[in-house]
Amino acid sequence: MKKKVVVIGAGGHARVIIDILKKQEIYELVGCINNTGIGNEIEGVTIIGNDKILPTLISKGVCHAFIAIGDNQIRKDIFKKLAKMKFQFVNVISPFSYIASSAKLGSGIAIMPGAVINAHTKIADNVIINTGATIDHDTIIGKHAHIAPGCNLAGNVLVEEGAFVGIGAKIIPKMTIGEWSLTGAGSVVVRDVESFSKVMGVPARKFN
């Protein structure tokens, strides 16, 4: 029997997630929820309400969820809320990605088409590894982080909780990307990024 899954979110990111969930062919999508509960459907999946419907879903045996929201802080807040309600989180993994057998994955993770997760990497809960991103050996991605499309992370990189690494950024080996930091699109990181900071450029430098 397929696990029944509700998708939290009904925007562009959710479109990609739903497409991957359908291709996985192991889940039954019972619907999407959004902030307002307004709307008919997204990618053929019905919008069934807002977060007020979640206790009803649990009572009906729909106990699996996926948070299809790109914003890291919002995704973290919803993850904590749903965990308290005893929802379990599925992983959405494109069949067109590569994941090494020695990689360790948490829960509630999105791994998009073309992504590569190499040997002995660790991907924590509620992380997005977006389209075409590559994560090399022994790298650790902390909870609620987002590695944007086309990023290249070398080996032994540490990305801490909630960090956002922008489109096409490149990170050399053994760098630490601090918690809740932002690395701008196209940046080349050659030194550690401080927590709660913003960096951009080639090489990446701190900016306000």
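For clarity, every value in this text was computed on a predicted model and none was experimentally measured.

Caption draft 1: The overall build of the protein, seen in detail. Helix and strand counts for the protein come out as 3 helices and 25 strands. Here the C-alpha coordinates of the protein stretch approximately 50 × 40 × 30 Å along the principal axes. Among the 208 residues that make up the protein, the fraction classed as buried is 45%. Counted over contacts in the protein with a minimum sequence separation of 6, partners at least 24 positions apart contribute 27%. Carbon together with sulfur atoms contributes 54% to the accessible area of the protein, which is approximately 9,700 Å² in total. Distance between charge centroids for the protein: 3 Å, based on 23 positive and 16 negative side chains.

Caption draft 2: Spotlight on the pairing of strand 2 (residues 27-33). Where strand 1 (residues 3-8) lies against strand 2, 6 bridges are found, and the strand directions are parallel. By the bridge assignment, Val 5 is partnered in strand 2 with Leu 29. Note on the crossover from strand 1 through helix 1 (residues 12-24) to strand 2: the handedness is right-handed.

Caption draft 3: Local environment of the nonpolar core. Of all hydrophobic cores here, the largest spans 28 residues; its most connected members are Ile 129, Ile 141, Ile 147, Leu 153, Val 159 and Ile 177. The next biggest cluster of nonpolar side chains, apart from the first, holds 19 residues, and it includes Ile 17, Leu 21, Ile 42 and Phe 66.

Caption draft 4: Layout of the packing of aromatic side chains. Here the structure, examined in full by the defined rule, presents 1 aromatic pair. Judged by centre distance (4.1 Å) and plane angle (15°), the ring pair of Phe 79 and Phe 89 falls under stacked. Of this pair, Phe 79 sits in helix 3 (residues 72-84) while Phe 89 sits in strand 6 (residues 88-89); the two residues are 10 residues apart in sequence, bridging distant segments of the chain. Each member of the pair, Phe 79 as well as Phe 89, carries the same accessibility label: buried.

Caption draft 5: Summary view of the layout of surface pockets. Roughly 210 Å³ of volume is contained in the largest pocket. Around the largest pocket, the lining residues are Ile 8, Gly 9, Ile 33, Asn 34, Asn 35, Asp 51, Leu 54, Ile 69, Ile 74, Ile 78, Lys 81 and Leu 82. A per-element tally of the lining of the largest pocket places helix 3 first, with 4 residues. Class assignment of the residues belonging to the lining of the largest pocket gives a composition of 7 nonpolar, 3 polar and 2 charged. In terms of lining residues, the second largest pocket is bounded by 13 residues, among which Gly 162, Phe 164, Trp 180, Ser 181 and Leu 182 are the most central.

Cut-offs applied
- Residues numbered from 1 in each chain as written.
- Predicted model: local features only at pLDDT ≥ 70, side-chain atom pairs only at ≥ 80, totals over all residues.
- Heavy atoms only, no water.
- Helix = DSSP H or I, 4+ residues; strand = E, 2+ residues; numbered from the N terminus.
- Buried < 20%, exposed > 50% of the residue type's maximum accessible area, 1.4 Å probe, protein only.
- Contact = heavy atoms within 4.5 Å.
- Areas by Shrake-Rupley, 256 points an atom, 1.4 Å probe, with all protein chains shown as cover.
- Lys, Arg positive; Asp, Glu negative; His and termini not counted.
- Charge placed at Lys NZ, Arg CZ, Asp CG, Glu CD.
- Pairing = 2+ DSSP bridges.
- Right-handed = clockwise from strand over helix to strand, strands pointing away.
- Core = buried A, V, L, I, M, F, W, Y, C linked by side-chain atoms within 4.5 Å.
- Phe/Tyr/Trp six-rings, centres within 6.5 Å; stacked < 30°, edge-to-face > 60°.
- 1 Å grid on protein atoms, 1.4 Å probe; cavity = no way out; pocket = protein on both sides within 12 Å on 5 of 7 lines; lining within 4 Å.
- Points joined across faces, edges and corners; volume = space filled by probe spheres on them.
- Nonpolar A, V, L, I, M, F, W, Y, C, P; charged D, E, K, R; others polar.

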